[in-house]
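Letter by letter, the chains look like this.
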Amino acid sequence: MKLYKIAILEDDPIFASQCKERLKKLNRVTKVEVYTSAEEFPKGKDVPYDLVFVDIDLPGQSGLDFILERHSEDSKTNYAILSAFESEEVLFKALKAGAIGYILKKDVGDIQEKAEILLEGGGILSPGLAARVILSFRKTTQKEVEVLSNREKKVLDLIVDGKRTKEIAAFLGTKEGTVRVQIKSIFRKLHVNSRLELVRKFS
């Protein structure tokens, strides 16, 4: 069983402590550390964490610049935004910088569940943000999406909303194997290789 280490880049000590205590309760997580600035975070390519939650508004280097810099150097560590900012522009910049998730601070009640999804390689967005991405995505890429069947469009919406294959199957009342086939078809038709790339490609 793979074990994980998580870091939180957050300058609000009370909020950071709350998140840390929740994440420490995850079965496969052996370490959770808090850093108050990008400058304080460990340097070098061998980052000792599997997942790093990053606030945007940090003293010194911003969270967006931090992710952009670190993601280009280290492909093994996943970075996710944990912020109060709800701006679509900031959301898209974060995803393009390399973040695999964008969670609003008001939605940290289930941060354990969200962390598990991110540690498994899934991408996740807070519900309100996911709706905005879908709306923007539909406006700018309607012609490309038209190549999908109605069922594939529904699967695509659920993927962008951060749902896993099992959850999509349950929501649509079908088998996981069927959903996997549909996801492969979506990837092929839209010329992408991963779920996260769907969000990045159409933002």
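Up top is the structure.
Report on the accompanying structure. (Residues numbered from 1 in each chain as written. Predicted model: local features only at pLDDT ≥ 70, side-chain atom pairs only at ≥ 80, totals over all residues. Heavy atoms only, no water.)

Some details on the sheet that holds strand E4 (residues 78-83)
Then, number 1: Read from one edge to the other, the open sheet built from 6 strands follows the order E2-E1-E3-E4-E5-E6, with strand pairing classed as parallel. Because the sheet does not close on itself, it has two edges, and the strands there are strand E2 (29-35) and strand E6 (124-125).
Then, number 2: Contacts from helix H2 (residues 63-73) reach strand E1 (4-9), strand E3 (51-54) and E4 within the one sheet, and its direction differs from that of E4 by about 175°.
Then, number 3: Seen against the sheet, helix H3 (residues 88-97) touches E4, strand E5 (101-104) and E6 and runs at an angle of roughly 145° to E5. (Pairing = 2+ DSSP bridges. Helix = DSSP H or I, 4+ residues; strand = E, 2+ residues; numbered from the N terminus. Contact = heavy atoms within 4.5 Å. Axes fitted to C-alpha atoms, helices over the stretch in contact; angles between N-to-C directions.)

Quick look at the environment of Asp65
Then, number 1: Take Asp65: it is sitting in helix H2.
Then, number 2: A residue is classified by how much of its surface remains accessible, and Asp65, at 44% relative accessible area, is partly exposed. (Buried < 20%, exposed > 50% of the residue type's maximum accessible area, 1.4 Å probe, protein only.)

With respect to the packing of aromatic side chains
Then, number 1: The final tally for this structure, using the stated rule, is 5 aromatic pairs.
Then, number 2: Plain terms: the ring middles of Tyr35 and Phe41 are 5.2 Å apart, the flat faces sit at 70° to each other, and that makes the pair edge-to-face.
Then, number 3: Each ring, one from Phe41 and one from Tyr49, has its centre 5.8 Å from the other, and the planes form 40°; the classification is tilted. Pair check on accessibility: Phe41 and Tyr49 agree, each one buried.
Then, number 4: It is Lys105 that lies over the ring of Phe15; its NZ or CZ is 4.8 Å from the centre. (Phe/Tyr/Trp six-rings, centres within 6.5 Å; stacked < 30°, edge-to-face > 60°. Lys NZ or Arg CZ within 6 Å of the ring centre and 35° of its normal.)

Remarks on helix H1 (residues 13-23)
Helical geometry: 3.6 residues make up each α-helical turn, so side chains three or four residues apart lie on a common side.
Then, number 1: Looking only at H1, the buried set comprises Phe15, Ala16, Cys19 and Leu23. Across the axial projection of H1, the buried residues extend over an arc of 100°, all falling on one side. Counted as exposed and oriented over 90 degrees from the buried face of H1: Pro13 and Ile14.
Then, number 2: Contacts made by the buried residues of H1 are with E1, E2, E3, E4 and helix H4 (111-119).
Then, number 3: The backbone nitrogen of Ile14 lies 3.1 Å from a side-chain oxygen of the residue at the head of H1, namely Asp12. (Arc of directions from axis to C-beta. Polar contact = N/O pair within 3.5 Å; in protein donor to acceptor, adjacent residues only side chain to side chain.)

Quick word on the nonpolar core
Then, number 1: If you look at the biggest cluster of nonpolar residues, it comprises 28 residues, and the most contacted ones within it are Phe41, Phe66 and Tyr102.
Then, number 2: If you list the elements that add at least two residues to this core, you get E1, E3, H2, E4, H3, E5 and helix H5 (127-140).
Then, number 3: Per element, the largest residue contribution to this core is 6 residues, and it comes from H3.
Then, number 4: Core analysis: the second largest hydrophobic core is formed by 23 residues, Val29, Leu51, Leu82 and Leu119 among them. (Core = buried A, V, L, I, M, F, W, Y, C linked by side-chain atoms within 4.5 Å.)

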